[in-house]
Amino acid sequence: MHYQYECKIKPVDFWILSMRRTYHSLVGVCNIVFGVAMILLAIRFWDQANDVVQTILFLACLLVPVIQPVGVYLKAKAQVSMMPQGTELVFDEDGIHVTLGRERELVRWNKVKGVRKEGSMIIVYTDASHGYLLTRRVLGSEKDDFYRYVKEHMRT
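In this text the structure is predicted, and so the values were computed from the model without any measurement.

A tally of helices and strands in the protein yields 5 helices and 7 strands. At 21 Å, the protein has a C-alpha radius of gyration far larger than the 15 Å of a compact globule built from 156 residues. When the backbone C-alpha atoms are referred to their principal axes, the protein occupies close to 70 × 30 × 25 Å. Within the span of the protein, comprising 156 residues, buried residues form 37% of the whole. Surface exposure of the protein reaches about 10100 Å², of which carbon and sulfur atoms provide 59%.

Here you go:
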């Protein structure tokens, strides 16, 4: 049995991954607390503040729910623009066959460091910080079967 996919990473994929990791961590909790605190401060002091302070309060209220996600998206867009597109991955008994244009590489199963489900995505790690991101759009209905397949082959 084998699975064959073409990696089609879009900026929104990295954006979702970054936002998910942020809001499933202590940083996300701090962001929420900061956002709520800024809204409460703005409500409390709005009438007493001059135009400059009102502008600062308004921008501070937008920081967590609007400005930060836009910044993360722009960073994701830059990451995707630097990535090679059209990478073809074939997962079989030997390992992962990676094809990009005319270049080919085989990553044996004993070199795969991990596999992780991140919401609607699966990441197959080839080292501690690099891997292949496969989205629901690419995996389709095979997502759970593919995940089990990779987990089984990593053990052997």
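Here we come to the nonpolar core. Ranked by internal contacts, the top residues of the largest apolar core, which has 21 residues, are Tyr-5, Leu-89, Phe-91, Ile-96, Val-124, Leu-134 and Phe-146. Breaking this core down by element, the ones donating at least two residues are strand S1 (3–6), strand S2 (88–91), strand S3 (95–100), strand S6 (121–125), strand S7 (131–134), helix H4 (136–139) and helix H5 (143–155). A total of 4 residues in this core trace back to one element, the largest contributor, which is H5. Once residues within four sequence positions are removed from consideration, Leu-89 is found in contact with Tyr-3, Gln-4, Tyr-5, Cys-7, Ile-96, His-97, Val-98, Tyr-132 and Leu-134.

Time to look at the pattern of salt bridges. Evaluated as defined, the whole model comprises 6 salt bridges. For the salt bridge of Glu-118 with Arg-20, the shortest nitrogen-to-oxygen distance reads 3.6 Å. With Glu-118 in strand S5 (residues 114–118) and Arg-20 in helix H1 (residues 11–23), this residue pair connects regions lying 98 residues apart in the sequence. Here Asp-144 and Lys-117 are joined by a salt bridge, their closest N and O atoms 3.1 Å apart. Taken together, the residues Asp-144 in helix H5 and Lys-117 in strand S5 connect sequence positions 27 residues apart. For Asp-144, a relative accessible area of 39% puts it in the partly exposed group. A single salt-bridge network, built from bridges that share partners, covers Arg-20, Arg-21, Arg-116 and Glu-118.

Let us now look at the side chain of Thr-99. As for its placement among the helices and strands, Thr-99 is situated in strand S3. Beyond its immediate sequence surroundings of up to four residues, Thr-99 is in contact with Gly-86, Thr-87, Glu-88 and Arg-104.

With 13 residues, H5 extends 19 Å between its outermost C-alpha atoms, agreeing within 8% with the 18 Å of an ideal straight helix rising 1.5 Å per residue. What H5 keeps buried is the set Lys-143, Phe-146, Tyr-147, Tyr-149, Val-150 and His-153. End-on view of H5: buried residues confined to an arc of 160°, all on one side of the axis. For H5, the secondary structure elements touched by its buried residues are S1, S2, S5, S6, S7 and H4.

Below, the discussion takes up the sheet that holds S3. In a beta sheet, neighbouring strands pair by backbone hydrogen bonds and run either parallel or antiparallel. A sheet is described by the order of its strands in space; here 4 strands give the open sequence S1-S2-S3-S4, paired in antiparallel fashion. Edge positions in the sheet fall to S1 and strand S4 (103–108), since each of these pairs with one other strand and no more. Averaged over all adjacent pairs, the angle separating strand axes in this sheet is 15°, with direction ignored. Its contacts with the sheet put H5 on S1 and S2, and the angle it makes with S1 is roughly 115°.

Rules and cut-offs
Residues numbered from 1 in each chain as written. Predicted model: local features only at pLDDT ≥ 70, side-chain atom pairs only at ≥ 80, totals over all residues. Heavy atoms only, no water. Helix = DSSP H or I, 4+ residues; strand = E, 2+ residues; numbered from the N terminus. Rg over C-alpha atoms; globule rule 2.2 N^0.38 Å. Buried < 20%, exposed > 50% of the residue type's maximum accessible area, 1.4 Å probe, protein only. Areas by Shrake-Rupley, 256 points an atom, 1.4 Å probe, with all protein chains shown as cover. Core = buried A, V, L, I, M, F, W, Y, C linked by side-chain atoms within 4.5 Å. Contact = heavy atoms within 4.5 Å. Salt bridge = Lys/Arg side-chain N within 4 Å of Asp/Glu carboxyl O. Expected span 1.5 Å × (residues − 1). Arc of directions from axis to C-beta. Pairing = 2+ DSSP bridges. Axes fitted to C-alpha atoms, helices over the stretch in contact; angles between N-to-C directions.

The values reported here are purely geometric and, on their own, carry no functional implication.
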